[in-house]
Number of protein chains: 2
Amino acid sequence: MKELREAIRMHGVGLGQDVVKVDMFLNHRIDTALLFRMGEEFAARFRSEEPTVVLTVEASGIAMAVAAAHHLSDIPVVFAKKGATVVQSPDVAQAKVYSFTHKRENVIRVDKKYLPKGSRVLIIDDFLADGQAVQGMMALCAQMDCEVVGVGIAVEKGFMPGGKNLRAMGVNLQSLAIVTGIEDGKILLEND
Amino acid sequence: MKELREAIRMHGVGLGQDVVKVDMFLNHRIDTALLFRMGEEFAARFRSEEPTVVLTVEASGIAMAVAAAHHLSDIPVVFAKKGATVVQSPDVAQAKVYSFTHKRENVIRVDKKYLPKGSRVLIIDDFLADGQAVQGMMALCAQMDCEVVGVGIAVEKGFMPGGKNLRAMGVNLQSLAIVTGIEDGKILLEND
């Protein structure tokens with residue numbers, strides 16, 4: 001998505017080999033106009049899959065999930081919560097997610113009542129690197145007998161294995177921008 | 001707001017004396033259509049104050065803040081982060097917030113660069129009970145020389161002191177629904 005690539009070029013900050021900071025327009029501070037154009041783009045790419053619900057994980061995926069859901073005829077949004085420990089409950093679906101950024105294992109969880117069996121789930125998140133969060137959300141969907149009809153990502157780190165692994169599994173993955181590397185603080189983007 | 005009151009009546013759950021659960025349509029699972037009508041209502045109530053940015057706190061305030069900002073000509077959204085400890089940095093505004101729900105003190109923080117001096121801030125949150133989160137966000141704004149032009153809340157617990165205290169301070173507080181009490185699991189609402 002050209003507009004997102006331009007925002008990354010103008011306002012994104014590359015740190016070291018692999019850190020992409022987009023906190024001035026995509027998370028923490030959100031450029032609302034851009035957010036809703038991204039939501040429109042996700043809707044255009046996934047509408048034919050007829051999703052019935054958007055799933056994301058707190059906190060920075062929520063804004064984008066809401067924007068996408070709004071452009072998909074206002075289908076509901078569900079967000080999984082992050083916690084440190086596994087909760088024993090038959091009413092809760094949960095999956096372990098290792099965060100390479102924070103070097104620790106989290107558990108993501110969602111009450112089963114939010115995602116009825118047979119839901120057609122569109123997973124939305126702001127970043128894709130190792131793909132742990134997306135794989136965790138896919139595991140939640142499997143536990144609830146829901147079908148993942150697509151995965152929409154704002155910024156994919158193309159030099160990390162997450163995207164490659166998901167595509168190899170046959171997942172319909174759409175990333176609005178793909179970072180191919182960082183050189184001297186400059187963020188390199190695919191299709192530029 | 002009649003539609004929100006109806007949703008609370010239909011899908012809200014009252015527990016004990018003071019717990020109002022709206023997780024099936026307002027947080028965790030979000031009724032996107034209702035969310036954007038609430039955003040529209042916030043916009044109508046605060047447009048004349050000419051806010052330049054919406055401030056909320058992660059995670060459950062984000063969806064509503066985004067919906068309100070969208071209806072206010074897509075002004076940016078900033079969300080404060082929650083943490084357990086104070087970070088020493090001149091670039092960060094922070095305030096202590098005691099959570100009566102979780103019986104612990106949190107710190108909320110925001111990078112000062114997200115809220116330029118002189119910003120006209122509309123604070124949005126899903127719940128108002130003791131008002132600690134809102135007071136914390138107001139403290140952040142004061143540290144950054146920003147003006148709070150209004151506070152928009154989805155569900156105010158009218159039997160808790162938060163709303164009364166803010167109104168006594170002269171804050172332009174607008175709550176879309178006010179819960180006056182819980183009786184035998186039934187949520188009682190103002191103007192019903």
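Residues numbered from 1 in each chain as written. Chains lettered and ligands numbered in written order. Predicted model: local features only at pLDDT ≥ 70, side-chain atom pairs only at ≥ 80, totals over all residues. Heavy atoms only, no water.

Enquirer: Which parts of the structure should I look at to understand the overall build of chain A?
Expert: Broken down by element type, chain A carries 5 helices and 11 strands. Here the C-alpha radius of gyration of chain A, 16 Å, is about what a compact globule of 192 residues would show, namely 16 Å. Along the first, second and third principal axes, the C-alpha atoms of chain A reach 50 × 35 × 30 Å. Residues counted as buried form 54% of the 192 residues belonging to chain A. (Helix = DSSP H or I, 4+ residues; strand = E, 2+ residues; numbered from the N terminus. Rg over C-alpha atoms; globule rule 2.2 N^0.38 Å. Buried < 20%, exposed > 50% of the residue type's maximum accessible area, 1.4 Å probe, protein only.)

Enquirer: Is there a simple way to think about the relation of the copies chain A and chain B in this case?
Expert: Superposition of the two copies of the chain requires a rotation about an axis and a shift along the axis. Under the fitted operation, chain A is carried onto chain B by 0.0 Å of movement along the axis and a turn of 180°, and the coordinates agree to an RMSD of 0.0 Å. Between the two chains, the operation in question is that of a two-fold axis. In terms of C-alpha distance to the rotation axis, chain A has A:Ala59 as its closest residue, with the C-alpha 2.6 Å off the axis. Interface overlap between copies: 100% of the residues of chain A at the interface are likewise at the interface in chain B, consistent with a symmetric, same-surface contact. (Least-squares fit on C-alpha atoms with pLDDT ≥ 70 in both. Contact = heavy atoms within 4.5 Å.)

Enquirer: Looking at this model, I keep getting lost on the interface of chain A and chain B. Mind explaining?
Expert: Reports of interface size often rely on the accessible area that becomes lost once the parts have come together. With 27 residues of chain A in contact, the opposing surface of chain B contributes 27 residues. Interface area for chain A against chain B, summed over the two sides, is near 2,500 Å², with a carbon-plus-sulfur share of 66%. Of all residues in chain A, A:His28, A:Phe79 and A:Tyr114 give up the largest surface area on contact with chain B, accounting jointly for 25% of the area buried on that side. Between chain A and chain B we count 2 salt bridges in total. Note that A:Asp23 is salt-bridged to B:Lys113, the shortest N-O span being 3.3 Å. On the surface where chain A and chain B come into contact, there are 14 residue pairs in polar contact (both at pLDDT 80 or more). When its residues are assigned to classes, the side of chain A that touches chain B shows 16 nonpolar, 5 polar and 6 charged. Note that strand 5 (residues 77-83) of chain A and strand 3 (residues 29-30) of chain B share 2 bridges and pair antiparallel. If you follow A:Val77 over to strand 3 of chain B, its bridge partner there is B:Ile30. (Buried area = accessible area lost by both parts, 1.4 Å probe. Salt bridge = Lys/Arg side-chain N within 4 Å of Asp/Glu carboxyl O. Polar contact = N/O pair within 3.5 Å; in protein donor to acceptor, adjacent residues only side chain to side chain. Nonpolar A, V, L, I, M, F, W, Y, C, P; charged D, E, K, R; others polar. Pairing = 2+ DSSP bridges.)

Enquirer: How should helix 2 (residues 32-46) of chain B be read in this particular structure?
Expert: In an α-helix there are 3.6 residues to a turn, and that puts residues three or four apart on one side. Taking 1.5 Å of rise per residue, the 15 residues of helix 2 of chain B would be expected to cover 21 Å, and the 21 Å separating its terminal C-alpha atoms lies within 8% of that figure. All of the buried residues along helix 2 of chain B are B:Thr32, B:Ala33, B:Leu34, B:Leu35, B:Phe36, B:Met38, B:Gly39, B:Phe42, B:Ala43 and B:Phe46. (Expected span 1.5 Å × (residues − 1).)

Enquirer: Looking at this structure, how should I read the state of the cysteines?
Expert: Throughout this description, disulfide means a covalent bond between two cysteine sulfur atoms. By the definition in use, this model includes 0 disulfides over all chains. B:Cys141 supplies the cysteine sulfur nearest to B:Cys146, a cysteine that is in no disulfide, at a spacing of 5.7 Å. (Disulfide = S-S within 2.5 Å.)

Enquirer: Help me understand the pairing of strand 8 (residues 120-128) of chain A, please; the structure alone is not making it clear to me.
Expert: Residue and element names in this part refer to chain A. In terms of burial, strand 8 is a largely internal element, 7 of the 9 residues being buried. Looking at chain direction, strand 4 (residues 53-57) and strand 8 are connected through 3 bridges and run parallel. Across the sheet, Leu55 pairs through a bridge with Ile123, a residue of strand 8. Here 8 bridges tie strand 8 to strand 9 (residues 147-157), and the two strands are oriented parallel to one another. Bridge pairing in strand 9 places Asp125 opposite Ile153. Of the crossover connections in this fold, the one passing from strand 8 over helix 4 (residues 132-143) to the parallel strand 9 is right-handed. (Right-handed = clockwise from strand over helix to strand, strands pointing away.)

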